[in-house]
Amino acid sequence: MKVTTICCIGAGYVGGPTMAVIAQKNPQIKVTVVDVNESRIEAWNHEDLDQLPIYEPGLDAVVAEARNRNLFFSTEVDAAIEAADMVFISVNTPTKTYGKGKGMAADLKYIELCARQIAKVSTSDKIIVEKSTLPVKTAQTIKSILHNTGNGINFQILSNPEFLAEGTAVQDLLMPDRVLIGGEQTKEGVEAIQALVDIYLSWVPNENIITTNLWSSELSKLTANAFLAQRVSSINALTELCEVTGADVNEVANAIGKDSRIGPKFLKASVGFGGSCFQKDILNLVYIAKSYGLKEVADYWEQVIIMNDYQKRRFSTKIVKTLYNTISGKKIAFLGWAFKKDTNDTRESAAIYVADQLIEEQATICVYDPKVTAQQMQNDLNYLNSRTEEDNQNQLITEDNPYNACKDAHAIAILTEWDEFKFYDWQKIYDIMQKPAFVFDGRGILNSETLKTIGFQYYAIGR
Ligand code: UDX
Ligand code: ADP
């Protein structure tokens, strides 16, 4: 079967860039990305490519090439589903905030709504592709909803998890380490898998496309993220030991990373991992393990999260202690709010938790981030429900110039590894700060020698 029309439900960090690249590489396929969020769709259709709703290096060029040629963004969800041979589900699956599995299980309400919507409007056979990260066996849920509609339409369900990392999404999509496609091992299932393989073959070498059964594919996505997060928690677990012994975590990371069995990537010590996937996926894994009664397995993976929470708290405690055990009324400048560089995404960013803990100690936080809006920062903080929105507004202020953010501050905390921070005039920053002037480098990106020569009291995690 040849796919000619694709619909993707959900125009977010995953759906948007993924469909843009699929459309760019398959000009013969019409790709429509739909979302219920009107302002998001408007932004995707904005003439000025700087106004796209998500920031990713290189994305503007891909969108510019394909948009209104064979790539369309629309709020007409039903029409796009009906017209499509293949429907990608790329909606958000946040951690449940209520009921059974609260704080752990994935909230599948958006997925179920999508499945019901597909069932309702479909008049022809379709291949349904799970793109969002889903707990194992979600395909079963989707299948059961689709197959019980009673209108005799055939649906094949595939799992095609996205491995792109934000900030490098376009590169990751153009040159993926692998594409993973899971499907049923029946004649129809194998045909559906092949239809999706053909789409990727437009630019991905055949040997990088892996096909598996549905459950292996779903579980691989969860565990890939759990393994990556575990590496960050493992190196972070060494930072405190380095600090007390006089070892330097960068030197340790370099030394162990040279062992080809360990490898050099993902060993950057930090104030803690963030992002929409790691915490959610591990909590999910823990929840699944628990629900099968596998207590030891659940505890093992949960420790990755416990370590991460500890690392964020350790960072804020270090700031308080160093500033003579009181930060009440002091101004602390934050450089960075996004969960990593080159994205405007702030989900689960360490900055949110560190800010919250410092505000508890009555500090005033003044944030500069090159891509995150002031409103987003307030929303993130309000979401924690620690105090009234008015209090948050008074305690968390924002600046769109880094030097203004640092003026009169007692300390600077680096929360995101944006490259531009390295190139600031640090002498100028020192001159406009309160003395003694402190820098807490939660990403270990600044040159400690230069800063110390200027006169800063410099602290980098793990050194
Ligand atoms: C992750 C996975 O990498 C990707 O494959 C998956 O599909 C989605 O989840 P993402 O969350 O976009 O991608 O970013 P990633 O680069 O994995 O970073 C996650 C967090 O870990 C960030 O906060 C990052 O700063 C932190 N991190 C990463 C470290 O602290 N140290 C490292 O060495 C690497
Ligand atoms: P991700 O990082 O997984 O892409 P996002 O939150 O960035 O997550 O994007 C998910 C998008 O899916 C949101 O823009 C949301 O409005 C959209 N969405 C959720 N449910 C539906 C639905 N039933 N129909 C259409 N769009 C939906």
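Structure: see above.
Remember, it's a predicted structure, so these values are computed and weren't measured experimentally. (Residues numbered from 1 in each chain as written. Chains lettered and ligands numbered in written order. Predicted model: local features only at pLDDT ≥ 70, side-chain atom pairs only at ≥ 80, totals over all residues. Heavy atoms only, no water.)

A. Structural context of the overall build of the protein. Counting its regular elements, the protein contains 18 helices and 14 strands. Reported as C-alpha extents along the three principal axes, the dimensions of the protein are approximately 75 × 50 × 45 Å. Considering the protein as a whole, with its 463 residues, one finds that 54% of them fall into the buried category. Long-range pairs, those at least 24 residues apart, make up 76% of the contacts in the protein between residues at least 6 apart in sequence. Accessible surface, the protein: about 20,600 Å² in total, of which carbon and sulfur atoms supply 50%. (Helix = DSSP H or I, 4+ residues; strand = E, 2+ residues; numbered from the N terminus. Buried < 20%, exposed > 50% of the residue type's maximum accessible area, 1.4 Å probe, protein only. Contact = heavy atoms within 4.5 Å. Areas by Shrake-Rupley, 256 points an atom, 1.4 Å probe, with all protein chains shown as cover.)

B. Structural context of the sheet that holds strand β11 (residues 396-398). Reading across the sheet, the 6 strands line up as β11-β10-β9-β12-β13-β14 and stay open at both edges, with parallel pairing between neighbours. On the outer flanks of this sheet lie β11 and β14 (457-460), each paired with one strand and no other. Averaged over neighbouring strand pairs, the angle between their axes works out to 20° when direction is ignored. Note that strand β10 (residues 364-368) and β11 share 3 bridges and pair parallel. (Pairing = 2+ DSSP bridges. Axes fitted to C-alpha atoms, helices over the stretch in contact; angles between N-to-C directions.)

C. Expanded view of the site of ligand 2. The environment of ligand 2 is made up of 16 residues, and the closest members are Tyr13, Val14, Asp35, Arg40 and Arg347. With respect to ligand 2, the backbone of Val14 contributes an N or O atom lying 2.9 Å from an oxygen atom. A distance of 3.4 Å separates a nitrogen atom of ligand 2 from a polar backbone atom of Val36. Within the complex, 88% of the 590 Å² of free accessible area of ligand 2 lies under protein. (Near = heavy atom within 4 Å. Polar contact = N/O pair within 3.5 Å; in protein donor to acceptor, adjacent residues only side chain to side chain.)

D. Quick peek at a negative patch on the surface. On the surface, a cluster of negative charge is made up of Glu47, Asp48, Asp50 and Asp60. Structurally, Asp50 can be placed in the loop between α2 (38-44) and α3 (59-66). (Patch = residues over 30% accessible without salt bridge, like charges linked within 9 Å, V, L, I, M, F, W, Y side chains within 5 Å. Salt bridge = Lys/Arg side-chain N within 4 Å of Asp/Glu carboxyl O. Lys, Arg positive; Asp, Glu negative; His and termini not counted. Charge placed at Lys NZ, Arg CZ, Asp CG, Glu CD.)

E. Expanded view of the site of ligand 1. As a structural note, the neighbourhood of ligand 1 is formed by 20 residues, with Glu166, Lys221, Ser270, Lys340 and Arg443 the closest of them. A distance of 2.8 Å separates a nitrogen atom of ligand 1 from a polar backbone atom of Lys268. One of the backbone N or O atoms of Phe339 is found 2.9 Å from an oxygen atom in ligand 1. In the complex, 91% of the free accessible area of ligand 1, which totals 670 Å², lies under the protein chains. Ranked by the residues each element gives to the shell around ligand 1, the list is headed by helix α9 (residues 214-245), at 4 residues.

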